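# Summary of structural features
Take a look at the letters that make up each chain.
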Amino acid sequence: MSLLLRSDDTIIPSPLPQGAGYAVVVAVGLIFALGMIGITRLLKKTLNEDNANVETFMVANRSVGTGLVASAVVSSWLWSTALLSCVLVTYLYGVSGGFWYGAGCTPMIVFFAYLGVVCKKRIPEAHTVLEIVRIRYGTVAHLVFTFLAVVNNLFNTINMILGAAAVITFLTGIHIMASTFLLPVGVVLYTLVGGIKATFLTDYIHTFVIAILCCYLTTKTLTHHDVGSIDGLYDLVVKAQPSYEVDGNYQGSLLTMNSQQGIFFAIILLVSNFGAVIMDTSYFIKAFAASPKAVVPGYVVGGFAYFSIPWSLGTIMGLAALGLESSPIFPTYPRTMTSLEVTNGLVLPYVAVAVAGKGGAVAVLLMTFMAITSTLSAQVIAVSSIFTFDFYRTYINKNADNKDVIRWSHLGVVLFAAISAGLTAAFNYGGINMGWTLYMIGVVTCPGIFPLILTILWNKQSALAAVVSAVAGLGTGLGVWLGTAQALFGEVTVDSTGQTLPCMYGTVASALSPLLYTVILSLIWPDNYDWARFTDEKLLLDNDTSAEESEREAPIRRSNKGGVLSEASEVVYDQTDLRWQRYALIWSLFSFFGIWVLWPLPMYGSKYIFSKVIMDCSVTHMVVDKSFHTWLVSII
Ligand SMILES: NC(N)=O
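The model shown is predicted, which means the values in this text are computed figures rather than measured ones.

Conventions used here
Residues numbered from 1 in each chain as written. Predicted model: local features only at pLDDT ≥ 70, side-chain atom pairs only at ≥ 80, totals over all residues. Heavy atoms only, no water. Helix = DSSP H or I, 4+ residues; strand = E, 2+ residues; numbered from the N terminus. Buried < 20%, exposed > 50% of the residue type's maximum accessible area, 1.4 Å probe, protein only. Contact = heavy atoms within 4.5 Å. Expected span 1.5 Å × (residues − 1). Polar contact = N/O pair within 3.5 Å; in protein donor to acceptor, adjacent residues only side chain to side chain. Axes fitted to C-alpha atoms, helices over the stretch in contact; angles between N-to-C directions. Nonpolar A, V, L, I, M, F, W, Y, C, P; charged D, E, K, R; others polar. 1 Å grid on protein atoms, 1.4 Å probe; cavity = no way out; pocket = protein on both sides within 12 Å on 5 of 7 lines; lining within 4 Å. Points joined across faces, edges and corners; volume = space filled by probe spheres on them. Core = buried A, V, L, I, M, F, W, Y, C linked by side-chain atoms within 4.5 Å. Domains from an automatic or database assignment. Patch = residues over 30% accessible without salt bridge, like charges linked within 9 Å, V, L, I, M, F, W, Y side chains within 5 Å. Areas by Shrake-Rupley, 256 points an atom, 1.4 Å probe, with all protein chains shown as cover. Salt bridge = Lys/Arg side-chain N within 4 Å of Asp/Glu carboxyl O. Buried area = accessible area lost by both parts, 1.4 Å probe. Disulfide = S-S within 2.5 Å. Phe/Tyr/Trp six-rings, centres within 6.5 Å; stacked < 30°, edge-to-face > 60°. Lys NZ or Arg CZ within 6 Å of the ring centre and 35° of its normal.

On to the overall build of the protein, then. Of regular secondary structure, the protein possesses 25 helices and 2 strands. Evaluated residue by residue, the protein yields a buried proportion of 62% over its 636 residues. Counting only contacts in the protein whose residues sit at least 6 apart along the sequence, the fraction spanning at least 24 positions is 84%.

To continue, consider helix α16 (residues 402–429). Its 28 residues place the ends of α16 41 Å apart at the C-alpha level, agreeing with the 40 Å of an ideal helix rising 1.5 Å per residue. Put simply, D401 is the residue that caps the front of α16, since its side-chain oxygen is 3.1 Å from the backbone nitrogen of K403. In the stretch just after α16, G431 is the one whose phi turns positive, near 85°.

This part is about the packing of helix α4 (residues 80–93) against helix α15 (residues 347–396). Think of two packed helices as two axes; the pair is described by the angle between the axes and how far apart they sit. For the pair α4 and α15, interaxial distance at closest approach is 8 Å and the crossing angle is 145°. Residue-level inspection shows S80, L83, L84, V87, L88 and Y91 of α4 in contact with α15, the latter providing V347, L348, P349, M367, T368, A371 and I372. Considering only residue class, the contact of α4 with α15 consists of 11 nonpolar, 2 polar and no charged.

To continue, consider the side chain of T180. Here T180 shows up in helix α9 (residues 176–223). Among the residues examined, T180 registers a relative accessible area of 0% and is labelled buried. In this structure the side chain of T180 is engaged in a polar contact, spanning 2.7 Å, whose partner is the backbone oxygen of I176. Those residues in contact with T180 that sit more than four places away from it in its chain are I161, A165, A421, T424 and A425.

With that settled, the discussion passes to empty space enclosed by the protein. Under the defined criterion, the tally for this structure stands at 4 cavities of 30 Å³ or more. If you add up the space inside the second largest cavity, you get close to 70 Å³. Every residue lining the second largest cavity is listed: W79, T81, Y101, N159, L269, S272, N273, A276, L438 and I441. Counting only elements with at least two residues in the lining of the second largest cavity, the list comes to α11 (260–278) and α17 (434–445). Residue composition of the lining of the second largest cavity, grouped by class: 6 nonpolar, 4 polar and no charged.

The next point concerns the nonpolar core. Core analysis: the biggest nonpolar cluster contains 180 residues, and W77, Y101, F145 and Y299 have the highest contact counts within it. Among the elements that take part in this core, α15 stands out by supplying 20 residues, more than any other. Structurally, this core is a two-domain feature, drawing no fewer than three residues from each of domain 1 (18–442 + 564–610) and domain 2 (446–541). Sequence-distant contacts of W77, that is, excluding residues within four places in its chain, are made with C105, M108, I109, N273, A276, V277, Y283 and Y306. In terms of nonpolar packing, the next biggest core, distinct from the first, is built from 7 residues, L154, V188, V383 and A417 among them.

Side chains of L464, V468, L516, I520, I524 and W525 sit close together on the surface and give an oily, nonpolar patch of about 590 Å² of accessible area. Put simply, the parts of the chain that give the nonpolar patch at least two residues each are α19 (463–489) and α21 (500–524). If one sorts the elements of the nonpolar patch by residue count, α21 sits on top with 3 residues. With respect to the helices and strands, the residue W525 is situated in the loop between α21 and α22 (547–553).

Our next topic: the domain arrangement of the protein. The domains assigned to the protein are domain 1 (18–442 + 564–610) and domain 2 (446–541). Each of domain 1 and domain 2 has a C-alpha centre, and these two points are 23 Å apart. Taken together, the contact between domain 1 and domain 2 spans 54 residues of the former and 44 residues of the latter. Contact with domain 2 buries area across many residues of domain 1, yet R122, R136 and Y137 alone supply 20% of it, more than any other trio. Counting every contact that joins domain 1 to domain 2 gives 1 salt bridge. Among the ionic pairs, D527 bridges to R136, the shortest N-O distance being 3.4 Å. Where the side of domain 1 that touches domain 2 is concerned, the elements lending two or more residues are α2 (54–59), α6 (107–122), α7 (129–137), α8 (139–172), α11, α15 and α17. When residues in the side of domain 1 that touches domain 2 are grouped by element, the largest group, 9 residues, is from α11. Looking at the side of domain 1 that touches domain 2, its residues break down into 38 nonpolar, 8 polar and 8 charged.

A few words on the state of the cysteines. A complete count under the given rule lists 0 disulfides for this structure. Distance from the sulfur of C446, which forms no disulfide, to the nearest cysteine sulfur (C503) is 12 Å.

At a minimum axis distance of 9 Å, the contact between α7 and α15 shows a crossing angle of 35°. Contact residues: α7 offers L130, E131 and R134, while α15 offers I386, F389, D390, R393 and T394. Of the residues contributing to the contact of α7 with α15, the split by class is 3 nonpolar, 1 polar and 4 charged.

Cis geometry marks the peptide bond from Y333 to P334; its omega dihedral reads 15°. Looking at where P334 falls in the secondary structure, it is placed in the loop between α13 (292–324) and α14 (339–343). A positive phi is found at Q251, a non-glycine position, where the angle reads about 55°. Structurally, the position occupied by Q251 is in the loop between α10 (230–240) and α11. The class of Q251 is exposed, set by a relative accessible area of 55%.

Aromatic ring pairs are defined here through the distance separating the ring centres and the angle between the ring planes. All chains considered together, the criterion is met by 37 aromatic pairs. Ring geometry for Y529 against F534: centres 5.2 Å apart, planes inclined by 55°, an arrangement best described as tilted. Neither Y529 nor F534 differs from the other in exposure class; each is buried. By the ring-pair criterion, three or more aromatic residues cluster together here, those being F99, W100, F307, W311, F592, F593, W596 and W599. The ring of W531 is capped by R122, whose NZ or CZ atom sits 4.0 Å from the centre of that ring.

As structure tokens, this is what we get:
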């Protein structure tokens with residue numbers, strides 16, 4: 001990252017008391033857990049949804065509708081990191097930062113609609129994508145991809161907790177270790193009680209609350225007496241410009257898309273986010289949990305709805321931070337923010353406190369808490385599913401019954417939360433913060449992207465090619481990342497490895513080199529996989545209810561592989577769903593070319609500097625977009 005290395009030891013007093021920190025982190029978490037117990041009981045009574053049945057706990061009987069899928073996609077993708085980082089990159093690079101954050105988060109979610117619908121067609125009874133790898137390629141490939149998937153979930157989770165804990169600590173003064181270890185507690189409780197349905201329901205509530213708080217903060221900023229309006233914000237940025245000449249931006253301007261650092265960040269974010277989504281089993285679980293007709297509209301609406309949140313929040317709050325940093329209302333006044341404060345994600349809380357005082361602090365505290373809990377819940381259930389289906393049921397107890405599997409999935413939830421909180425604490429003590437993980441995460445999360453996609457889409461990719469390309473890709477990415485840090489900065493340290501160029505080259509090498517390796521190996525020694533073989537193995541778990549009891553509760557079907565399926569858990573995929581596959585492909589091409597290429601790149605090429613009128617139009621567009629998407633995801 002090209003941050004000026006500024007430091008100053010003045011500690012900024014927390015705007016809220018420690019009690020508020022504990023109240024939110026512990027009490028709100030417990031309230032969610034209690035609420036979830038009530039909802040789970042209600043669902044069991046009214047809809048016969050029993051979380052003691054593993055198909056319900058893990059994939060919600062594969063019957064979740066479009067609205068919940070869309071809000072769950074937005075919510076599980078709306079990392080606390082995203083809320084903090086979209087403001088951070090606007091502060092660093094100007095208007096391009098917030099835009100690239102939104103644009104770098106949408107195409108992979110929309111593309112996932114395609115992948116999800118193909119998976120549901122080819123292997124409708126799956127719970128995790130790793131089951132698919134095992135059935136196609138066997139044990140070695142299964143272990144390699146399981147390792148890569150867990151690494152991905154771990155790094156994502158650490159990245160989220162690092163940012164959220166730093167912000168909660170600044171806002172309330174509670175010790176950083178307290179927030180690091182207490183944040184996962186409430187999540188574990190309600191996830192244990194509610195299973196994946198809990199994550200869908202809380203995701204809905206979280207998305208709604210976060211969207212309302214974003215509207216509150218951005219409105220409060222634009223109407224603050226030191227800002228006044230969009231024009232006022234523009235004037236503030238123009239006035240502050242001489243203190244913020246950005247290296248690599250056209251004329252150093254904060255108001256241009258022609259930002260070299262901005263586009264490097266855009267590439268890092270786009271590629272590493274493909275890794276974060278494709279290698280995260282929670283997106284596959286959500287696709288498996290959705291009814292076939294809900295996958296595509298759910299992911300497409302969710303992907304597009306997401307774009308407006310970091311774009312608008314990042315642009316308005318990031319520009320306000322630049323405009324107000326030298327004003328007495330800014331918490332760090334008379335000094336500017338240190339590079340550590342910036343990379344810890346404190347730009348958003350500082351500017352929120354500047355424009356809205358304690359109200360702003362409460363809004364950021366709640367937003368961060370809502371974001372971290374919903375995303376953590378998704379991560380926890382993803383790793384729990386790997387632990388249960390890809391470890392316990394595969395290698396320890398092949399004949400595990402429903403009760404065993406539920407017990408192990410609960411154990412997985414607790415273990416993963418504890419390990420990730422422990423590792424976050426270790427990272428913290430090692431001097432690593434959210435900014436560092438934000439930039440380098442793709443190096444470790446991307447090597448499996450192409451081998452995994454081709455496992456689902458290309459019947460010529462062989463087991464050898466999948467395994468070798470992923471492992472060699474990880475080696476290539478790590479080598480390029482560390483080698484570039486050494487070559488450019490003469491040392492391999494936390495500081496040099498967190499810089500933009502080593503992270504960009506490392507991430508791109510991690511993601512693309514496996515494509516080259518796997519295509520070459522598969523052309524030399526091709527596989528010729530028959531997709532029908534995916535359905536040879538029965539993956540659906542029968543529940544433990546006696547036949548007589550089930551007869552009373554739900555109509556019984558016999559699956560073609562002998563399993564007893566309730567009406568709710570029947571896995572259906574008819575040919576009309578091919579239509580959805582086509583739509584998904586069209587939308588994913590549109591999302592990439594529309595949002596990432598055709599819109600921003602001509603603005604980059606033309607070296608355009610935003611005029612006041614265009615700034616007015618842009619900010620109005622983002623506010624309307626955000627309001628519309630909040631409404632859309634809330635009501636469907
Ligand atoms: N959603 C992300 N990757 O910020």
